[in-house]
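Architecture at a glance
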There are 2 protein chains.
Amino acid sequence: MADDRFLEHCLFFTANRLGRIITKIAEEEFAETGLTPMYGYLIRLAIGKPGISQKELAEKLSIASSTLTRFVDKLEAKKLVKRRVSGKTVQVFPTEKAIAMEEALLRASHNLHARLDAILGKETTAAITEAVLKTSKRLEQN
Amino acid sequence: MADDRFLEHCLFFTANRLGRIITKIAEEEFAETGLTPMYGYLIRLAIGKPGISQKELAEKLSIASSTLTRFVDKLEAKKLVKRRVSGKTVQVFPTEKAIAMEEALLRASHNLHARLDAILGKETTAAITEAVLKTSKRLEQN
DNA sequence: ATTCATTAGTTGTACATACAAAATAAAAAG
DNA sequence: CTTTTTATTTTGTATGTACAACTAATGAAT
């Protein structure tokens, strides 16, 4: 009796499994930027809104503020962002070096999407992404 | 121009976001067992097939073998599994203590599912779980 | 204006996870 | 039956992530 189908029926398990698999793919596509996808996205947010607060970054990226602090630490060490303290908030600005990377970051995102579309089909990719997003939003409010 | 919708259209991002959110919920439901869900599932697999090899456990749980080694280390330290070396493979057996926990583990799984069903609806939960599983399987083969 | 409560950020610590390299054992090839 | 190859596990190291406790700054209430 090896009834192990319970794993495949558990959303906790399947969601994290998908996360692990897709993270590997995303990291491959972002490898040429020298950053992992989350760092790339942080930079894109900082370019889109220079001076964005760390609080807002953490919310947009859906990570804990302590995690964000560490991400910004690393990007600052790489001279990709600069902090400016403004009262009790910290504003994050992209450096010239980061702005120069924007093209590469957009390309990596594009390649990632193209790769997923090629495997899953454009429709399916959009549908599953939407479904996953909606699910996470509903779970968040509980 | 703060065009940050790109995050919500990225499956890498949404899948990991869902993973983080649902992990928190799952850990709450498993708290009474004193284990996190992945450890609970490992034990269930060992109970379902006493003597299961670490390789098979890693495959079933979709984690790297190095990760599995560490999980088994921890469960062995808690006297919940025992290792038996058998040639180049290691067999994993549940202890009496683990077997005595089975009920509680099943209950935690059940409570987790019930909670998800209550938030998302039974149909939706099943559908998203199935879709996520299928997606991860297709991505795995590439 | 002083005290109190709230908010933003940082730091210490811990855990899950992975990769690459090393160790070990079995199996295959000569 | 020795050598080489392959398979399984472990270990060293690194990263992502979180929580709890702490610091610092703002805002509110007396």
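Up top is the structure.
Quick caveat: nothing in here was measured; it's all calculated off a predicted structure.

Rules of the game
- Residues numbered from 1 in each chain as written.
- Chains lettered and ligands numbered in written order.
- Predicted model: local features only at pLDDT ≥ 70, side-chain atom pairs only at ≥ 80, totals over all residues.
- Heavy atoms only, no water.
- 1 Å grid on protein atoms, 1.4 Å probe; cavity = no way out; pocket = protein on both sides within 12 Å on 5 of 7 lines; lining within 4 Å.
- Points joined across faces, edges and corners; volume = space filled by probe spheres on them.
- Helix = DSSP H or I, 4+ residues; strand = E, 2+ residues; numbered from the N terminus.
- Nonpolar A, V, L, I, M, F, W, Y, C, P; charged D, E, K, R; others polar.
- Near = heavy atom within 4 Å.
- Polar contact = N/O pair within 3.5 Å; in protein donor to acceptor, adjacent residues only side chain to side chain.
- Salt bridge = Lys/Arg side-chain N within 4 Å of Asp/Glu carboxyl O.
- Buried < 20%, exposed > 50% of the residue type's maximum accessible area, 1.4 Å probe, protein only.
- Contact = heavy atoms within 4.5 Å.
- Buried area = accessible area lost by both parts, 1.4 Å probe.

**What to know about the layout of surface pockets**
Approximately 360 Å³ is the volume found for the largest pocket. Every residue lining the largest pocket is counted, 14 residues in all, and those nearest its centre are Arg20, Ile21 and Lys24 of chain A together with Ser62 and Glu140 of chain B. Every element with two or more residues in the lining of the largest pocket is listed here: helix 1 (11–30) of chain A together with helix 6 (122–140) of chain B. A total of six residues in the lining of the largest pocket trace back to one element, the largest contributor, which is helix 1 of chain A. Taken as a whole, the second largest pocket spans an internal volume of roughly 280 Å³. If you list the elements that add at least two residues to the lining of the second largest pocket, you get helix 6 (122–140) of chain A together with helix 1 (11–30) of chain B. Looking at the lining of the second largest pocket, the element that brings in the most residues is helix 1 of chain B, giving six residues. Considering only residue class, the lining of the second largest pocket consists of three nonpolar, two polar and five charged.

**What about the protein's contact with DNA strand C?**
Around DNA strand C, the structure places 23 residues, and the nearest of them are Gln54 and Lys55 of chain A together with Ala64, Ser66 and Phe71 of chain B. Put simply, 67% of the atoms of DNA strand C that lie within 4 Å of the protein are in sugar or phosphate. At a separation of 3.4 Å, a sugar or linking oxygen of DNA strand C approaches a polar backbone atom of Lys88 of chain A. Ala64 of chain B has a polar backbone atom sitting 2.7 Å from a phosphate oxygen of DNA strand C. Of all the secondary structure elements, the ones that give two or more residues to the surface near DNA strand C are helix 1, helix 3 (54–61), helix 4 (65–77) and strand 3 (89–94) of chain A together with helix 4 (65–77) of chain B. Looking at which element gives the most residues to the surface near DNA strand C, the answer is helix 4 of chain B, with five residues. Within the surface near DNA strand C, the residues separate by chemical class into five nonpolar, nine polar and nine charged.

**Regarding the pattern of salt bridges**
Once their charged atoms are close, side chains differing in charge can pair, the charge on each being opposite to the other. On inspection of all chains with the given rule, the structure shows 24 salt bridges over all chains. Residue Glu28 of chain A pairs with Arg115 of chain A through a salt bridge whose shortest N-O separation is 2.9 Å. In this pair, Glu28 of chain A sits in helix 1 while Arg115 of chain A sits in helix 5 (residues 96–120), placing the two residues 87 residues apart along the sequence. For Asp73 of chain B, the salt bridge is made with Arg83 of chain B, and the minimal N-O distance between the two is 2.9 Å. Of the two residues, Asp73 of chain B sits in helix 4 while Arg83 of chain B sits in strand 2 (residues 81–86), which places them ten residues apart along the sequence. On the basis of relative accessibility, which here comes to 26%, the residue Arg83 of chain B falls in the partly exposed class. Through salt bridges with shared partners, one network takes in Asp4 of chain A together with Lys49, Glu56 and Lys60 of chain B.

**Some details on the interface of chain B and chain A**
The partner chain A presents 53 residues to the 52 residues of chain B that form the contact. In terms of surface lost to chain A, no three residues of chain B exceed Leu11, Phe12 and Leu139 of chain B, which account for 13% of the buried area on that side. For the interface between chain B and chain A, the tally reads six salt bridges. We note a salt bridge from Glu140 of chain A to Arg17 of chain B, for which the minimum N-O separation is 3.1 Å.

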